[in-house]
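The residues making up each chain are set out below.
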Amino acid sequence: MSLTEARSEPLSSPQPRPVAFLSYLRQVAIIVLWAIFLLALLNRGATEIESRIVVTAAIYLLLVPAILLFGPPRAGAGKVLVAACFLLAALIVQMLLQASSMPAIAAPNPAWSVATMFTQIAPVATISLTPADDRLGLMSAALPFGAFMAGLVIFDTDELAAKTLRWFAIAGGWLALFSILQFVLFPEALGVVQKRAYLGSLTGLFVNRNTAATFFGLILLTLLVLLHKRLLAPDWGRVKALVANRLTVPDDQKRLVLQAAFIGALTAFCFIALMLTGSRAGIMSSFAALVVLILLTIFNSPARIGRNTASPRRRRRGSRRWAALMIAVAIALFSLFANRVALRMETRMEDDMRFCYMPGITRAIADNWPLGSGLASFAEIYAPYHLARCGVDAVVTHAHNVYAEGLLTVGAAFPFYAAFFIVAQLLIFIRGARKRKNYRYASHLGLAGLLLVLLHSTLDFSLQIPGFAMTYAVFLAPVVTLCLNPPGVERGGRRRRMQFPGSEGPAKDAAHLPGGLGSA
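This structure is a prediction, so every number in the text was calculated from the model and none was measured.

Caption draft 1: Local environment of the pattern of salt bridges. Enumeration according to the criterion identifies three salt bridges in this entry. Put simply, E48 and R44 hold a salt bridge, and the shortest N to O gap is 3.4 Å. The class for R44 is partly exposed, based on a relative accessible area of 27%. For D158, the salt bridge is made with R436, and the minimal N-O distance between the two is 2.8 Å. Of this pair, D158 sits in helix α7 (residues 158-185) while R436 sits in the loop between α17 (414-435) and α18 (441-456), and the two are 278 residues apart along the sequence. Given a relative accessible area of 1%, D158 falls into the buried group.

Below, the structure written as structure tokens:
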């Protein structure tokens with residue numbers, strides 16, 4: 001055999017046994033993580049205390065051995081993991097200070113002195129009004145942190161992260177179809193239990209329509225990105241010419257067309273499920289995020305390189321036309337299917353209970369500033385401030401505003417937590433938009449998802465539902481990985497092998513990247 005023949009012959013390099021065993025363990029960890037996520041969703045978003053304890057304990061029992069086995073993620077994702085630990089530690093320390101009786105550090109809540117007048121034994125005065133509940137409330141805050149950190153450790157390569165987003169979108173699409181069928185055929189069912197609230201609205205696996213709208217809005221954004229990649233994969237000109245001349249379409253092109261049709265159907269199901277929720281704030285927030293996603297995808301996607309590439313001026317003009325067309329289609333679809341939402345929008349603002357609660361919440365914030373009233377104390381601290389005209393037939397357990405509830409329960413520290421949460425994500429997504437080319441869609445998706453959550457949090461409390469908070473964490477982990485991984489380098493420092501090194505742009509991303517969001 002000549003030297004040339006020896007070089008051209010492919011070398012078989014089976015994985016060493018320890019590496020293969022770690023790869024097997026990683027697959028097991030992925031299955032366990034999805035199982036925990038599904039358990040949180042099936043139990044009405046883990047709103048019950050028992051389910052919160054089980055799910056949170058399970059996610060940390062997965063996280064610890066995952067870090068020991070696979071090690072922390074490298075590059076920027078490792079720094080994000082440290083930052084998440086720091087933020088969670090700060091929240092735990094504050095909760096312990098609020099729930100501890102240390103008058104030398106901070107004065108206890110004045111309500112304890114009033115309670116002493118009605119009890120024979122003076123209660124232990126703390127900053128928080130509900131110190132025991134705060135420890136359980138910490139479970140709700142720790143769950144998304146654990147899911148996010150576990151996702152960073154387990155989905156630490158571009159291929160795994162892109163595959164996670166793909167399965168997240170597809171599973172969400174199937175869940176949307178299931179929710180539609182359940183709403184049409186069994187309107188009084190909520191999973192396997194009886195539905196007691198929002199009987200006229202689709203709620204999926206959640207108790208209320210607002211959380212369901214945020215959930216399906218996030219799934220819809222991910223499906224649209226996946227659909228965009230699928231639509232770029234086939235050679236439509238070739239397929240059209242073959243069909244017009246009644247010639248056989250190659251099997252690979254048929255498969256790509258069928259995959260695009262499948263993702264398109266799931267996207268339609270998710271859009272219908274979002275509309276059937278009837279959540280005004282959720283639908284409008286999803287629409288705003290969709291518009292941003294369209295603009296980012298059209299104007300910030302990598303330029304396609306080829307012989308017929310248009311001039312920059314002509315390309316910009318075409319991009320503006322595509323953006324206007326896509327936004328017009330989105331407006332038409334939302335307008336066509338949002339009749340039920342339009343009817344609800346006719347309700348006067350002063351008749352909406354969430355706005356009726358705000359004056360009382362504002363007074364409660366002022367009276368408990370700057371130390372806050374305790375992580376899980378909203379229902380108890382707000383009750384004395386509730387106005388009779390806002391209704392007396394229900395207990396208000398959450399403010400319909402994440403920021404207002406954070407200021408009341410956490411106090412002056414909340415703006416720093418919120419700023420850290422938002423600014424860190426913005427910096428990560430901007431870095432992804434600048435540095436990543438084949439995975440730039442991850443930064444677009446991250447920005448759109450962040451906008452959806454921030455907007456809806458001004459009028460509803462989806463983030464306070466553990467199941468949705470975990471959903472956003474599972475969504476965010478692969479997006480952060482794709483934004484921060486070094487271009488072209490895997491975890492072990494090896495170069496990714498491209499099947500077609502000469503191809504560039506979204507088309508290559510859609511069809512040729514192994515494990516990519518648009519791959520088969």
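Caption draft 2: Quick look at the environment of A442. Considering the arrangement of structural elements, one finds A442 in helix α18. With 34 residues separating them along the chain, A442 and L476 place their C-alpha atoms 9.6 Å apart.

Caption draft 3: Representation of the nonpolar core within the structure. Among the nonpolar cores identified, the biggest contains 108 residues, and F148, F216 and M470 are the most heavily contacted of them. When residues in this core are grouped by element, the largest group, 13 residues, is from helix α19 (residues 466-484). Sequence-distant contacts of M470, that is, excluding residues within four places in its chain, are made with I36, F37, A40, V55, I59, L143, P144 and A147. Listed in part, the 14 residues of the second largest apolar core include Y382, Y385, A399 and L408.

Caption draft 4: Examining a nonpolar patch on the surface more closely. A contiguous nonpolar surface patch, about 380 Å² in accessible area, is contributed by F21, Y24, V28 and V32. Take F21: it is sitting in helix α2 (residues 17-42).

Caption draft 5: Focus on the confidence of the model for the chain. Confidence in the prediction for the chain averages 81 pLDDT; 80% of positions are at 70 or higher. Mean pLDDT in the chain bottoms out at helix α20 (residues 505-511), which sits at 38, and peaks at α18, which reaches 95. Segment residues 1-12 is flagged for pLDDT under 50; beyond a separation of four residues in sequence, or across chains, it makes two contacts in the model. In the predicted structure, residues 306-310 sits below a pLDDT of 50 and forms three contacts with residues beyond four places in sequence or in another chain.

Caption draft 6: The packing of helix α4 (residues 75-99) against α17, seen in detail. Viewed as axis vectors pointing N to C, α4 and α17 meet at an angle of 170°, and their least axial separation amounts to 12 Å. Taken together, the axis directions place α4 and α17 in an arrangement best described as roughly antiparallel. Residues V80, A83, L87, A90, L91 and Q94 of α4 pack against Y417, F420 and I428 of α17. Taken together, the residues that form the contact of α4 with α17 break down as eight nonpolar, one polar and no charged.

Caption draft 7: Summary view of empty space enclosed by the protein. One pass over the structure, following the stated rule, counts three cavities of 30 Å³ or more. For the second largest cavity, the calculated volume is near 40 Å³. In terms of lining, the second largest cavity is formed by S179, Q182, F183, F186, P187, A189, K195, L202, T203 and G204. With three residues, α7 is the single largest residue contributor to the lining of the second largest cavity. Residues that form the lining of the second largest cavity fall into these classes: five nonpolar, four polar and one charged.

Caption draft 8: Representation of the packing of aromatic side chains within the structure. Going through the model one piece at a time under the given rule, you end up with ten aromatic pairs. The rings of F168, F421, Y472 and F475 are connected pair by pair, giving a single aromatic cluster. The lysine or arginine in question, R26, covers the ring of F70, its NZ or CZ lying 4.2 Å from the ring centre.

How each quantity is defined
- Residues numbered from 1 in each chain as written.
- Predicted model: local features only at pLDDT ≥ 70, side-chain atom pairs only at ≥ 80, totals over all residues.
- Heavy atoms only, no water.
- Salt bridge = Lys/Arg side-chain N within 4 Å of Asp/Glu carboxyl O.
- Buried < 20%, exposed > 50% of the residue type's maximum accessible area, 1.4 Å probe, protein only.
- Helix = DSSP H or I, 4+ residues; strand = E, 2+ residues; numbered from the N terminus.
- Core = buried A, V, L, I, M, F, W, Y, C linked by side-chain atoms within 4.5 Å.
- Contact = heavy atoms within 4.5 Å.
- Patch = residues over 30% accessible without salt bridge, like charges linked within 9 Å, V, L, I, M, F, W, Y side chains within 5 Å.
- Areas by Shrake-Rupley, 256 points an atom, 1.4 Å probe, with all protein chains shown as cover.
- pLDDT = per-residue confidence, 0-100.
- Axes fitted to C-alpha atoms, helices over the stretch in contact; angles between N-to-C directions.
- Parallel < 35°, antiparallel > 145°, perpendicular 65-115°, else oblique.
- Nonpolar A, V, L, I, M, F, W, Y, C, P; charged D, E, K, R; others polar.
- 1 Å grid on protein atoms, 1.4 Å probe; cavity = no way out; pocket = protein on both sides within 12 Å on 5 of 7 lines; lining within 4 Å.
- Points joined across faces, edges and corners; volume = space filled by probe spheres on them.
- Phe/Tyr/Trp six-rings, centres within 6.5 Å; stacked < 30°, edge-to-face > 60°.
- Lys NZ or Arg CZ within 6 Å of the ring centre and 35° of its normal.

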